[in-house]
Amino acid sequence: MKHEKDWYKELVIYQIYPRSFKDGNGDGIGDLKGMTQKLDYLKELGVTAVWMSPVYASPNVDNGYDISDYFAIMEEFGTMEDWEEFRDGAHARGIAIIMDLVLNHSSDLHRWFMESRKSRDNEFSDYYIWRDPAADGKAPNGWLSVFGGGAWEYVPERGQYYLHFFAKEQPDLNWDNEEAREKIFDIIRFWNDKGVDGYRVDAISYLDKGMDGRADMTEPFGTTSCANLEGTHKYIREMVEKTTRPDNLMTVGEVNIRNLQDAKDYTSASRGEFDMAIGFVPPIVEIKTWSPERFKKEVREYYEALKEDGWWARFLSNHDKPRQVSLYGDDKTYWLESAKMLGCYLHTLPGTPFVYQGEELGMTNIQLPSIDDYDDIDTKNYYKTMVEEGASPKEALAESQAVSRDNARTPMQWDDSENGGFSPSRPWLPVNENYVRINARQQMADENSVFKFYQKLIALRKENPVLVHGDFELCCPEEGPVIAYTRSFDGVTWLAAHNFSGGTQRLACGRVKREAQVILGNYKEQAIEEGILELRAYETVILKVE
Ligand code: GLC
C-alpha cells in the first residue's frame, strides 16, 4: 500500500487479539488462518486497518508481549505463509496492517537474553540493563514491577541483577546501547519489507531509565520513576526517522501520559515522534476514577492542546481493559442502548477511532468462578497481592473479576453454536455464556443491532470529512452525564449528544434547531425542541445543525 502524508487520520482501526479472534485449525486457540477467514466480516463492518496484538514467537508468559523471536510467527498462530496470506487478503480488501512492536523488553528466552545472562563480556552482555547488587547484596534499587514484586532479578552466572519493568520473563532491553538499537531497528525494517503499513508500539515511555539520578526515586514503580525522560524521546525520534517516516508508515505509541505536555511531546508532528498516542491507565484506576465529567474535561483539554500540531488515538476498549459496555455503559437493562451510545461517542470525537474486537457486538465482562479459571498474569498477581495484604479470598476474587484483562480476552462470539463458533474444541479461555444472545451472526441479520450501528458509524466517518477534520467544541454543562459537542468543517456543523446515564436528561443548547436533520440515533424518534434536546436512557444522537 502507498501512504499519503496524514493518511492515518482517516482510518478506522480494528484491534484483533489473535488468541481470541477465530480458531482456524481447531485447537482451541485463535490463529492467523482464523483471522483470514474473517476478513470478509471486517470488510463488511467497514474498518480500514487492523492492528493485531503480537503474533511473533513467544513463550506466552504475557500472551505474546514477551517475544522470543521477532522474525518468526508463534507456532500456535501458524506460519509466516499464514501471515502473508492474511496480509494479502487484507490489502486486497483495502485494509491496512498494523503490527504490535514490543521493544521495551524481550522474552527471557530470546537468544539475546540467553547469551546476555551468561557472562559480563559476551556479544550481547550489554543488550539488557544489568547492575551489581547493592552493598547489602539486595537489588540495586527498590523499583517495583508492574505485574507485582520487585523489578530486579538476580542471575548467579553474572553475579548481577537485570531489570524487568513487567514480568521477570520480560527483561528490559538496553536502548543506550547503540548496537542493540540498530538491531532493534532491523526488526522494524524486516517487517517494513514485508509490507506492514504501521505499528502500535508497546510500553515505550521507559527506554531511558534515568538511573544516573535523573529518575524520580520517590516513586516506587520504575515505570513511574523514569517515564518520559528526554532520552526516551530522543530514541523514539531516531527510530521513527530511521524506520517508519520515510514511507509515512503509521505509528501509535502506547505511552504514559501524565499531562498535556506529555501528549504534545509524543504526538506533535513537528517533533517527529508518533502520529498519535494511546495513554495507558491501569484498569483499577480507570474503574475508580472515570466519569462523564472527567471525559468532558479531558476531551476538551486534549483537543485544545493537540489541535494545531498533534492527533488523537480514540479508544474505549483494548486487550488491557474491561469491556466498555460493562465499564462505561449498562450491560443489563440498557445494554443495547449503551453499547450503541459508546460507539457513537467513539466515532464522533476528533481523532482516529480504535475498535476492539467484540465491542461492535456489545460484548460484556465475564465473572469466572475461581481465580484458577483466569489466565492473565496481571490478574493472578493482583489476586495474590490482595490476599497477602489481608483481603479475604472472596473480596480478592470480586475485585480481580472487575479489573481482569481477561474480560476483554474471552473468545469472539461468532454465532450461537458450541463455543460461540470460535472453535470446535474447548477454547483456551471460556467463552462468555451470553454468546447465545450476543453473537455476530444474529447481529448481522438484525437491522437494529450494535453491529449494524457500528457499520453505519464507520460509513458516516468515511463519507463525511466533518467527522475526520471538523473542529470540536463542547456544548453541554461541565456537570452531569450528558456529553455533547459540535464538529464543524467547510460550512457543515454536526452536533453529537450522548447520555451517559439511565435517566432522562434535558440538554439546553442554542445550536439545537427543531428542524435539524437527524443523521443517526439509537432511539426510533428524537425529542427535539428549539434549543432543547431530551435524551432518554443512554440515548445518543447526531444532528446536522448547519
Ligand atoms: C502493554 C500491553 C500489555 C502488556 C504490557 C507489557 O501495556 O498492552 O498487554 O502486558 O505492555 O508488554
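The structure under discussion appears in the preceding block.
Residue positions within a chain follow its written sequence, with the count starting from 1. Thresholds applied to this predicted model are a pLDDT of at least 70 for local features of residues and 80 or more for the giving and counting of side-chain atom pairs; totals over whole chains, interfaces and linings are not thresholded and use all residues. To obtain the side-chain values, all non-hydrogen atoms of the structure were used and water was disregarded.

**Here we look at helix 12 (residues 335-348)**
Then comes step 1: If you check helix 12, its first and last C-alpha atoms are 20 Å apart, about what 14 residues at 1.5 Å a residue would give, namely 20 Å.
Then comes step 2: Most of helix 12 sits inside the fold, with 12 of its 14 residues counted as buried.
Then comes step 3: To sort residues, take the accessible area from a 1.4 Å probe on protein chains only and compare it with the maximum for the residue type: under 20% means buried, over 50% means exposed, and anything in between is partly exposed. Only DSSP runs of H or I covering at least 4 residues are called helices, and only runs of E covering at least 2 are called strands; the numbering of each starts at the N terminus. Those residues of helix 12 lying buried are W335, S338, A339, K340, M341, L342, G343, C344, Y345, L346, H347 and T348. The span one expects for a helix is its residue count, reduced by one, times 1.5 Å.

**Some thoughts on the sheet that holds strand 1 (residues 13-16)**
Backbone hydrogen bonds are what pair the strands of a sheet, in a parallel or an antiparallel way.
Then comes step 1: Pairing between strands requires that DSSP locate at least two bridges from one strand to the other. Read from one edge of the open sheet, eight strands run 11-10-9-5-2-1-13-12, paired in parallel fashion. Edge positions in the open sheet fall to strand 11 (276-279) and strand 12 (313-315), since each of these has one partner strand only. Ignoring which end each strand starts from, the neighbouring axes of this sheet average 25° apart.
Then comes step 2: As paired strands, strand 1 and strand 2 (residues 49-52) are joined by four bridges and run parallel to one another. Paired with Q15 across the strands is W51, a residue of strand 2.
Then comes step 3: Where helix 12 meets the sheet, its contacts fall on strand 12 and strand 13 (352-356), and the angle it forms with strand 13 comes to roughly 145°. Angles run from 0 to 180 degrees between N-to-C directions of axes, and those axes are lines fitted to C-alpha atoms, restricted for helices to the stretch in contact. Residues count as neighbours in contact if any of their non-hydrogen atoms are within 4.5 Å of one another.

**Quick look at the nonpolar core**
Then comes step 1: In this text, buried Ala, Val, Leu, Ile, Met, Phe, Trp, Tyr and Cys residues form a nonpolar core when linked through side-chain atoms within 4.5 Å. Core analysis: the largest hydrophobic core is formed by 121 residues, its most contacted members being Y14, L42, W83, M99, W175 and W191.
Then comes step 2: Excluding residues within four positions of it along the chain, W191 makes contact with Y56, Y70, I73, M80, W83, M99, V196 and Y199.
Then comes step 3: Judged by nonpolar contacts, the second largest core, of 17 residues, contains I129, F147, Y161 and I377.

**A short note on unusual backbone geometry**
Then comes step 1: One non-glycine residue, A203, lies in positive phi territory at about 35°.
Then comes step 2: With respect to the element layout, A203 can be found in the loop between strand 9 (198-201) and helix 6 (222-225).
Then comes step 3: You will see that D490, though not glycine, has its phi angle at about 55°, which is positive.
Then comes step 4: Structurally, D490 can be placed in the loop between strand 15 (482-489) and strand 16 (492-499).
Then comes step 5: Owing to a relative accessible area of 71%, D490 belongs among the exposed residues under this scheme.

**Looking at the pairing of strand 5 (residues 96-101)**
Then comes step 1: The buried fraction of strand 5 is high, at six of six residues.
Then comes step 2: In strand 5, alternate side chains face the same way, and those of A96, I98 and D100 on one face and I97, M99 and L101 on the other are all buried.
Then comes step 3: Across four bridges, strand 2 lies against strand 5 in parallel orientation. Within strand 5, the position partnered with W51 by the bridge is I98.
Then comes step 4: Pairing between strand 5 and strand 9: four bridges, direction parallel. Residue L101 lies in a different strand from strand 9, and its bridge partner there is V201.

**As for the site of the ligand**
Then comes step 1: The criterion for a residue being near a molecule or strand is simple. One of its heavy atoms has to lie within 4 Å of it. Taken together, 14 residues are adjacent to the ligand, and D62, D202, E254, H319 and D320 come closest.
Then comes step 2: Counted as a polar contact is a pair of N or O atoms within 3.5 Å, where, for protein atoms, one must be capable of donating a hydrogen and the other of accepting one, and residues adjacent in sequence contribute only when both atoms are in side chains. One of the side-chain nitrogen or oxygen atoms of R200 is found 3.0 Å away from an oxygen atom of the ligand.
Then comes step 3: With respect to the ligand, the side chain of D202 contributes an N or O atom lying 2.8 Å from an oxygen atom.
Then comes step 4: Protein coverage of the free-state accessible area of the ligand, which is 310 Å², stands at 97%.
Then comes step 5: When residue character is reported, Ala, Val, Leu, Ile, Met, Phe, Trp, Tyr, Cys and Pro are called nonpolar, Asp, Glu, Lys and Arg charged, and the others, Gly included, polar. Looking at the shell around the ligand residue by residue, the classes come out as four nonpolar, three polar and seven charged. Throughout, the Shrake-Rupley method with a 1.4 Å probe supplies accessible areas, and for residues the shown protein chains are the sole cover considered.

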